[in-house]
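Residue-level structural notes
Here is how the chains run, residue by residue.
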Amino acid sequence: MPVPPTLRRLAPLPAMLMLAGPALADVVVGTTQELRAALNEAGPGETVQLKPGRYEEVSMRKIAGAEDQPIKITSIDPMEPARIGNMRLHEAAHIVLDKLVFDYEFSAGDKIHLRPFQITNSQDIVVRNSLFDGDVAHGVSENSDGFAYTFGLGVRQVDGLTVENNEIHTFFRGIVISSSQNILIKNNDVHSLRMDGMNFSEVQDVRIEGNHIHDFDRSPDTRDHADMIQFWTNRTKKPTENVTIHGNVLNSEDGLFTQSIFMRNDLVDRGLAGEEMFYRNLVIEDNVIINAHLHGISIGEANGVKIENNSVIRNAESEGKRNNISLYDPRISVSKTSKNVRIVNNVVSRISGFERQSDWEAHNNFMIQDRHQLQPGYYGNVFANALKGDPGELSSFFPKKGGPLDGAPYGASLLHR
């Protein structure tokens, strides 16, 4: 069964953009100054088309389309998209950014937490069919030089955000979103990052769907704490709630191990908050996780958790140097003080946190292991070629014909024959 197109690594941007011809232009600009002037005059339903070239210091402040007539900023030439060197979108509404290259270039003096592309205090923003093209550091330190730097997309206090069908690579962190709501992160290709793929704090009504997060390029001699998808509560005042993580592929492939889905609730576990700051209404379903760290799906204190039909599999090629077998075996973990938890139909090596709590379900999970050939769930008896195949090919983890997973209802649908 081939991998669906939405989960394949995206083609280089020009090839991807060839699928759609340029729209009719309302305004055509060719310089940063012309772009600023056009944005100052733009109204609902207008399109601003950018000629090929680089546009530095793009500021979109207090501009607004309408709910059914957004202002669209796009490239006029799909074969040579416009490159944005720095962008701040602030107090804006109903804006579509389409077919652009957000092109960060490292400069001496840049800080690792720099946000060259920011969306703040805004409403109904769409970023689609674009490339976030990062850069590596030079002359910073031994552990930073040659590794990805700064953040890809920074979002704060936004109501209504869609980030869809983009490629994001070579940043310290890919997407960082805080104090925001009504968020869709869909069908993005996120790779070659040093630290984290997607970070979220104090968010509500979030859907993370169909993304391919893979091949991190970590700095191995640092204390980096890399996660593919991370949520946190530190220094927040409102709980994160109504989050769905569905149908994603999180695969370390040829990169060093990372944590996969990690949602520590540090305010609660450090005794700084109680049930009022529990995560609420989390759905984690139908994801493929292939990695080499014990935090495959790890959830802190929460009320309302569904973890269903995920495949959580070890990629031995991503192990680190430490001689610690249990560290490199991804599992499902939920804080035992969480409430209303359901963990069913997953393929995984271990489930932690279930102690027969009255409001928990943990059953019909298929347990796997790759250490002991004669014991149940051995990879060689369960998967098509998990032990020797390419970990970047999902077909390596299809059920072995005639094996215990062949035709069984466990795990992610992407791995069903």
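Residues numbered from 1 in each chain as written. Predicted model: local features only at pLDDT ≥ 70, side-chain atom pairs only at ≥ 80, totals over all residues. Heavy atoms only, no water.

When helices and strands are tallied, the chain shows four helices and 32 strands. Relative to the compact-globule value of 22 Å for 417 residues, the chain shows a C-alpha radius of gyration of 22 Å, a close match. Overall, the C-alpha framework of the chain stretches about 70 × 45 × 45 Å when taken along its three principal axes. In the chain, which comprises 417 residues, the share counted as buried stands at 58%. Split by element, the accessible area of the chain, about 17,500 Å² in all, is 46% carbon and sulfur. Side chains of the chain give 42 positive and 54 negative charges; the mean places of these two sets differ by 5 Å. (Helix = DSSP H or I, 4+ residues; strand = E, 2+ residues; numbered from the N terminus. Rg over C-alpha atoms; globule rule 2.2 N^0.38 Å. Buried < 20%, exposed > 50% of the residue type's maximum accessible area, 1.4 Å probe, protein only. Areas by Shrake-Rupley, 256 points an atom, 1.4 Å probe, with all protein chains shown as cover. Lys, Arg positive; Asp, Glu negative; His and termini not counted. Charge placed at Lys NZ, Arg CZ, Asp CG, Glu CD.)

What follows is about unusual backbone geometry. Phi is positive for Glu202, close to 50°, though the residue is something other than glycine. In this fold, Glu202 is placed in strand S16 (residues 196–209). One non-glycine residue, Asn364, adopts positive backbone phi at about 55°.

The predicted model of the chain has a mean per-residue pLDDT of 93, with 94% of residues at 70 or higher. Low pLDDT, under 50, characterises residues 1–25; the stretch is placed with 54 contacts to residues that sit more than four places away or in other chains. (pLDDT = per-residue confidence, 0-100. Contact = heavy atoms within 4.5 Å.)

As a further point, take the pattern of salt bridges. The final tally for this structure, using the stated rule, is 21 salt bridges. Here Lys62 makes a salt bridge to Glu91, at a shortest N to O gap of 3.7 Å. Of this pair, Lys62 sits in the loop between strand S4 (58–61) and strand S5 (71–75) while Glu91 sits in the loop between strand S7 (87–90) and strand S8 (93–98); the two residues are 29 residues apart in sequence, bridging distant segments of the chain. Its relative accessible area of 59% is what places Lys62 among the exposed residues. (Salt bridge = Lys/Arg side-chain N within 4 Å of Asp/Glu carboxyl O.)

The subject of this paragraph is the pairing of strand S27 (residues 331–334). Across the two faces of S27 the burial is the same, with Arg331 and Ser333 and Ile332 and Val334 all buried. The pairing of strand S24 (residues 295–299) with S27 spans four bridges and is classified as parallel. Paired with Ile297 across the strands is Ile332, a residue of S27. By the bridge criterion, two bridges tie S27 to strand S30 (residues 351–352) in an arrangement that is parallel. Within S30, the residue paired with Ser333 across the bridge is Ser352. (Pairing = 2+ DSSP bridges.)

For the rest of this paragraph, the subject is the layout of surface pockets. Taken as a whole, the largest pocket encloses approximately 410 Å³ of empty space. What lines the largest pocket is simply Ser178, Ser201, His225, Gln230, Phe231, Trp232, Asn234, Arg235, Thr236, Phe262, Arg264 and Asp266. Ranked by residues supplied to the lining of the largest pocket, first place goes to strand S18 (residues 227–232) with three residues. Split into classes, the residues belonging to the lining of the largest pocket amount to three nonpolar, six polar and three charged. In this model, the second largest pocket occupies a volume close to 350 Å³. What lines the second largest pocket is a set of 18 residues, among which Arg218, Pro220, Asp224, Leu256 and Phe257 lie closest to the centre. Its residues assigned to classes, the lining of the second largest pocket shows six nonpolar, six polar and six charged. (1 Å grid on protein atoms, 1.4 Å probe; cavity = no way out; pocket = protein on both sides within 12 Å on 5 of 7 lines; lining within 4 Å. Points joined across faces, edges and corners; volume = space filled by probe spheres on them. Nonpolar A, V, L, I, M, F, W, Y, C, P; charged D, E, K, R; others polar.)

Let us look at a positive patch on the surface. A contiguous patch of positive charge, built from Arg61, Arg88, Arg115 and Arg156, is present on the exposed surface. By secondary structure assignment, the location of Arg156 is in strand S12 (residues 151–164). Note on Arg156: relative accessible area 35%, which makes it partly exposed. (Patch = residues over 30% accessible without salt bridge, like charges linked within 9 Å, V, L, I, M, F, W, Y side chains within 5 Å.)

Counted under the stated rule, the structure contains two cavities of 30 Å³ or more. Roughly 70 Å³ of volume is contained in the largest cavity. Pro399, Leu405, Tyr410, Leu415 and His416 are, among the 13 residues lining the largest cavity, the residues nearest its centre. Looking at the lining of the largest cavity residue by residue, the class counts come to ten nonpolar, three polar and no charged. What lines the second largest cavity is Leu35, Leu39, Val58, Met60, Ile73, Ile84, Leu97 and Leu100. Sorting the residues of the lining of the second largest cavity by element identifies helix H2 (32–41) and S4 as the ones contributing at least two each.

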